[in-house]
Amino acid sequence: MRLLLVLLGVGLGLNLRDLSAAAGLPIPALPMPYGGSLLDNTLAVLVALLLAALLRPHGVGLAASLGLRWNGARGPLCVLLASLACWLGLAALGTPNTALTALDATMLAVLFPLAEEVLFRGLGFVLLVKIVRGPWALLALPQALLFGMVHWQGFGGVEGGGLALFVGAVIALGGFIFAWLDHLDGDTLWCGLALHVSMNLAWNVFSLDDAVALGWQATSLRIGTALLAVVALSLYGRNKRAVTLR
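Residues numbered from 1 in each chain as written. Predicted model: local features only at pLDDT ≥ 70, side-chain atom pairs only at ≥ 80, totals over all residues. Heavy atoms only, no water.

(A) How the structure looks around the layout of surface pockets. For the largest pocket, the calculated volume is near 1300 Å³. Lining the largest pocket we find 38 residues, and of these His-151, Phe-155, Ile-171, Asn-200 and Arg-222 sit closest to its centre. Of all the secondary structure elements, the ones that give two or more residues to the lining of the largest pocket are α3 (35-55), α7 (102-131), α8 (136-154), α9 (161-184), α10 (190-205), α11 (210-213) and α12 (216-245). Among the elements that line the lining of the largest pocket, the one with the most residues is α9, at 8 residues. Within the lining of the largest pocket, the residues separate by chemical class into 23 nonpolar, 11 polar and 4 charged. (1 Å grid on protein atoms, 1.4 Å probe; cavity = no way out; pocket = protein on both sides within 12 Å on 5 of 7 lines; lining within 4 Å. Points joined across faces, edges and corners; volume = space filled by probe spheres on them. Helix = DSSP H or I, 4+ residues; strand = E, 2+ residues; numbered from the N terminus. Nonpolar A, V, L, I, M, F, W, Y, C, P; charged D, E, K, R; others polar.)

In structure tokens:
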């Protein structure tokens, strides 16, 4: 039952206003730019907090149950350093986005990624690891698939055809790698969030033609940067353990 509730929360957390509207009880957007998306993400975070409070194992704090405890700055800094590859690659492939505003950057590169990390990796992975026994990689798969599905729907779902399927698959892989980074940092969200924020910001700072953004170069850059972050964090953790043993 707890597993089912977690998966329902992750799958429906960003769609509460849509569900409410379908039930005849529309929830209006906030009267501001990004008002609808901001409210959707806020409600998703509230769902994650509520379910974590109800389902967390005895003796586990609410922050720890969602991966929000702090495990030091070196892991996230290591990931941020690896993410420079994305910035350099996008600078070579694109041009500066002169239309980007501070509000755009805050919403698209900070607040929305934070909400997604709390819902998908916090509720959908860290809490799942604490309440279900099993290999972390297997437990990371459901939230990754749901993460990809949300973005697949955003690109049109079935009507989006192969393009939507391609985007969903790439984003699902990203969701798995974010969880992998979180696992390497002691099942906390901060390393996955650092990569998510940095890459989102880079994709908003630079403008790419659609053909380039969805082509093999940009796709390889996304996946390569994420895997580089995993390698860097793994090596950091290995070195850290070696120093501790000494």
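(B) Structural view of unusual backbone geometry. One non-glycine residue with positive phi stands out, namely Tyr-34, at about 65°. Within the secondary structure, Tyr-34 is located in the loop between α2 (16-22) and α3. Relative accessible area serves as the criterion here: at 26%, Tyr-34 is assigned to the partly exposed category. If you check the backbone angles, Asp-187 has positive phi at about 55° while not being a glycine. Assignment of secondary structure puts Asp-187 in the loop between α9 and α10. With relative accessibility at 15%, the residue Asp-187 sits in the buried group. (Buried < 20%, exposed > 50% of the residue type's maximum accessible area, 1.4 Å probe, protein only.)

(C) Region of the structure containing the packing of α3 against α7. Two elements in contact, α3 and α7, have axes whose closest approach is 10 Å; the angle formed by their N-to-C orientations is 20°. In terms of their interaxial angle, α3 and α7 are classed as roughly parallel. Here α3 and α7 pass one another in a crossing that is left-handed. Here Ser-37, Leu-38, Asn-41, Ala-44, Val-45, Ala-48, Leu-51, Ala-52 and Leu-55 of α3 lie close against α7, whose contacting residues are Met-107, Leu-111, Phe-112, Ala-115, Glu-116, Val-118, Leu-119, Leu-123, Leu-127 and Ile-131. When grouped by side-chain class, the residues that make up the contact of α3 with α7 number 16 nonpolar, 2 polar and 1 charged. (Axes fitted to C-alpha atoms, helices over the stretch in contact; angles between N-to-C directions. Parallel < 35°, antiparallel > 145°, perpendicular 65-115°, else oblique. Left-handed = near helix turned anticlockwise from the far one by under 90°. Contact = heavy atoms within 4.5 Å.)

(D) Examining a nonpolar patch on the surface more closely. On the surface, Met-1, Leu-4, Leu-5, Leu-8, Leu-12 and Leu-19 cluster together into a nonpolar patch covering about 570 Å² of accessible area. Among the elements that line the nonpolar patch, the one with the most residues is helix α1 (residues 2-12), at 4 residues. As for its position among the elements, Met-1 is in the segment before α1. (Patch = residues over 30% accessible without salt bridge, like charges linked within 9 Å, V, L, I, M, F, W, Y side chains within 5 Å. Areas by Shrake-Rupley, 256 points an atom, 1.4 Å probe, with all protein chains shown as cover. Salt bridge = Lys/Arg side-chain N within 4 Å of Asp/Glu carboxyl O.)

(E) View of helix α5 (residues 74-82). Every buried residue belonging to α5 is among Gly-75, Pro-76, Cys-78, Val-79 and Ala-82, and all of these are buried. Down the axis of α5, the buried set is contained in an arc of 155°. They therefore lie on one face. Residues Arg-74, Leu-77 and Leu-81 are exposed on α5 and point more than 90 degrees away from its buried face. (Arc of directions from axis to C-beta.)

(F) Summary view of the side chain of Asn-41. Inspection of the secondary structure puts Asn-41 in helix α3. Among the residues examined, Asn-41 registers a relative accessible area of 10% and is labelled buried. Each residue touching Asn-41, except ones within four places of it in the same chain, is listed here: Leu-14, Phe-112, Ala-115 and Glu-116.

(G) The arrangement of the pattern of salt bridges in detail. Enumeration according to the criterion identifies 2 salt bridges in this entry. The salt bridge involving Asp-40 is made with Arg-17; its shortest N-O contact spans 3.2 Å. Of this pair, Asp-40 sits in helix α3 while Arg-17 is found in helix α2, placing the two residues 23 residues apart along the sequence. Grouping residues by exposure puts Asp-40 and Arg-17 together as buried. Notably, a salt bridge pairs Arg-121 with Glu-117, separated by 2.7 Å at the nearest N-O pair. With Arg-121 and Glu-117 both in helix α7 and 4 residues apart, this pair spans about one turn of that helix. Overall, the relative accessible area of 0% leaves Arg-121 in the buried class.

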